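Commentary on secondary and tertiary structure
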Amino acid sequence: MAHLFTPKKVGAYTLSHRVALAPMTRLRTIQPGDIPSPMMADFYGQRASNGGLEIIEGVSISIPARSYLGAASFYHDGQAEGWKAIANAVHDKGGRVFMQLIHGGRQSHVEMTGGVDPVAPSVVPFDGVALTKDGFVPASPHRALGIEEIPGIVEEFRTAAQRALDAGFDGVELHGANGYLVDQFIQDGTNKRTDAYGGPIENRVRFLRETVEALISVWGADRVGVRISPSGEWGGISDSNPEATFSYVAKVLDEYKIAYLHVIEPRIKGDETLHEGQAPVATKYLRPHFSGPIIAAGGFDGDSAEAIVASGDADLVAFGRHFSSNPDLPYRLKHKLPLTPYVRAAFWGGDEKHYSDFPAYLPAVEVAETV
Ligand SMILES: Cc1cc2nc3c(=O)[nH]c(=O)nc-3n(C[C@H](O)[C@H](O)[C@H](O)COP(=O)(O)O)c2cc1C
């Protein structure tokens with residue numbers, strides 16, 4: 001029976017354990033220019049482990065794709081050195097690192113998009129927020145993408161994927177979750193289009209297909225993952241039949257033989273547990289539709305992570321909040337050591353405090369043994 005510390009082949013890589021770092025936007029780039037900072041390299045280096053997988057926070061593929069001031073992006077050459085330093089910090093400890101690529105779609109504000117209206121598949125009332133220099137503010141009104149504009153966005157995904165490859169990453173993850181642009185196309189609460197990108201699910205996954213194909217064209221399928229959040233509520237997203245929609249999505253992605261499918265359980269809304277005590281449900285119903293590795297995320301601790309891997313519903317578990325405050329999380333889970341509580345006040349921006357200053361359980365662990 002598989003458990004958290006049995007090796008697993010994930011696409012092109014053989015991982016030595018199944019405790020992954022979930023992507024977390026922490027708003028610690030250098031401004032202006034969203035330059036990846038040295039403290040980010042420290043953060044990711046500290047959390048790297050031999051044969052472990054890290055997924056880097058959402059990285060916007062262009063200026064209009066941005067949603068949060070201080071969040072990561074990769075659309076200009078001046079960012080390359082910072083990203084290389086992050087990839088190197090993970091590789092120095094024998095880890096693997098995928099970059100999550102995102103377009104925020106309607107979850108944005110004109111101050112973040114370079115002055116242009118945020119875009120979405122359709123115009124649907126939305127009372128979400130974006131983060132600007134004035135703090136969290138109501139998102140700007142969005143407009144529906146013209147069909148002729150869509151190839152340009154797919155191309156931006158391809159370019160960002162190429163930048164990630166050039167910077168020395170091991171793969172890319174498409175952010176198809178949490179109500180951002182890809183998710184806005186998938187779900188029928190936000191996609192009211194009547195053209196080839198809207199209507200039946202076969203059409204609503206067209207944008208997903210095209211972006212996945214763009215990433216594969218750069219990386220090969222075995223170095224591309226996709227993240228989804230069936231029944232997730234972040235970003236005011238909704239679907240009339242999430243199980244049918246996301247089962248179809250899983251089947252589509254299975255055809256491409258991508259490296260992994262990354263599933264956020266609906267008990268989580270973004271950075272919070274919404275339904276305390278709810279068992280994992282999404283991974284369970286998706287499992288029969290996806291033959292490759294599934295990464296489950298959202299609300300796991302060591303015991304529940306072991307249980308879902310043992311059940312076969314998931315092959316790996318990604319941890320967000322616990323990993324934020326436990327740089328040596330795989331080691332602590334393996335040795336059943338206590339966890340340091342996370343500090344929510346430091347999630348969305350700040351400096352090194354409660355970001356890259358959490359100690360490992362044993363100081364020597366950082367150098368001697370990471371798992
Ligand atoms: C501060 C913070 C930022 C996050 N940013 C992202 C992100 O950039 N991309 C993403 O897919 N999920 C993001 N998430 C969600 C996490 O990846 C994860 O799904 C969530 O924290 C639930 O997992 P956990 O219970 O292990 O924390 C974020 C979560 C937190 C706490």
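First, a word on scope: everything that follows refers to the structure included in this document. Being a predicted model, the structure only gives us computed values, none of them experimental. (Residues numbered from 1 in each chain as written. Predicted model: local features only at pLDDT ≥ 70, side-chain atom pairs only at ≥ 80, totals over all residues.)

Focus on the overall build of the chain
A tally of helices and strands in the chain yields twelve helices and 17 strands. In terms of C-alpha radius of gyration, the chain reaches 19 Å, essentially the compact-globule figure of 21 Å for 371 residues. Relative to its 371 residues, the chain shows a buried fraction of 53%. Restricting to contacts in the chain with at least 6 residues of sequence separation, those with at least 24 account for 73%. (Helix = DSSP H or I, 4+ residues; strand = E, 2+ residues; numbered from the N terminus. Rg over C-alpha atoms; globule rule 2.2 N^0.38 Å. Buried ≥ 20, exposed ≤ 12 C-beta atoms within 10 Å, placed from the backbone. Contact = placed C-beta atoms within 7 Å.)

A short note on the site of the ligand
Not every one of the 25 residues close to the ligand is listed here, only the nearest: A22, G58, D271, G320 and R321. Contributing elements (two or more residues each) for the shell around the ligand: β4 (53–60) and α10 (321–325). The residue makeup of the shell around the ligand, split by class, is ten nonpolar, ten polar and five charged. (Near = placed C-beta within 6 Å. Nonpolar A, V, L, I, M, F, W, Y, C, P; charged D, E, K, R; others polar.)

Section: the pairing of strand β6 (residues 96–102)
Of all seven residues making up β6, seven are buried, and the element is well covered by its neighbours. Covered by surrounding structure in β6 are R96, F98, Q100 and I102 together with V97, M99 and L101, the residues of both alternating faces. As paired strands, β6 and strand β11 (residues 171–175) are joined by four bridges and run parallel to one another. Across the sheet, residue Q100 finds its bridge partner in β11, namely E173. (Pairing = 2+ DSSP bridges.)

Considerations on the environment of G114
Checked against the element boundaries, G114 lands in the loop between β6 and β7 (119–120). Measuring from C-alpha to C-alpha, the distance between G114 and I63 comes to 6.2 Å, with 51 residues separating the pair along the chain. Not counting the four nearest positions on each side in its chain, G114 is found in contact with I63 and P64.

Some remarks on the pairing of β4
Most of β4 sits out of view: eight of its eight residues are buried. With six bridges joining them, β4 and β6 adopt parallel strand pairing. When the sheet's bridge partners are listed, S60 is paired in β6 with I102.

Here's the deal with unusual backbone geometry
The linkage connecting Q31 with the following residue, P32, adopts the cis geometry, with an omega of -5°. Residues other than glycine seldom take positive phi values, yet N178 does so here, at roughly 55°. Residue position: N178 is located in the loop between β11 and α4 (181–186). For K336, which is not glycine, the phi torsion reads 50° and is therefore positive. By the secondary structure assignment, K336 is in the loop between α11 (329–334) and α12 (365–368). Assessed through the 8 C-beta atoms surrounding it within 10 Å, K336 is described here as exposed.

Quick look at helix α6 (residues 206–219)
Along its 14 residues, α6 runs 20 Å from first to last C-alpha, staying within 8% of the 20 Å computed at 1.5 Å per residue. All of the buried residues along α6 are F207, L208, T211, V212, A214, L215 and W219. Buried residues of α6 fall within an arc of 155° about the axis and therefore sit on the same side. For α6, the elements touching its buried residues are α3 (150–166), β11, α4, β12 (224–228) and α7 (242–256). Backbone geometry just after α6 places G220 at a positive phi near 80°. (Expected span 1.5 Å × (residues − 1). Arc of directions from axis to C-beta.)

Re the packing of helix α1 (residues 38–47) against helix α2 (residues 80–91)
Put simply, α1 and α2 touch, their axes get as near as 8 Å, and they point 25° apart. In terms of their interaxial angle, α1 and α2 are classed as roughly parallel. Pair α1 / α2 crosses with right-handed handedness. Contacts between α1 and α2 involve M40, A41, Y44 and G45 on the former and, on the latter, A85, I86, A89 and V90. Each residue belonging to the contact of α1 with α2 can be placed in one class, and the counts come to seven nonpolar, one polar and no charged. (Axes fitted to C-alpha atoms, helices over the stretch in contact; angles between N-to-C directions. Parallel < 35°, antiparallel > 145°, perpendicular 65-115°, else oblique. Left-handed = near helix turned anticlockwise from the far one by under 90°.)

Here we look at the packing of α3 against α6
Two quantities define a packed helix pair, namely the angle between the helix axes and the distance between the axes. Between α3 and α6, the shortest axis-to-axis distance is 9 Å and the interhelical angle comes to 30°. On the basis of the axis angle, α3 is roughly parallel to α6. Where α3 crosses over α6, the handedness of that crossing is right-handed. On α6, the residues touching I150, V154, F157, R158, A161, Q162 and L165 of α3 are F207, E210, T211, A214, L215, S217, V218 and W219. Of the residues contributing to the contact of α3 with α6, the split by class is ten nonpolar, three polar and two charged.

By themselves, these figures tell us nothing about what the structure is for.
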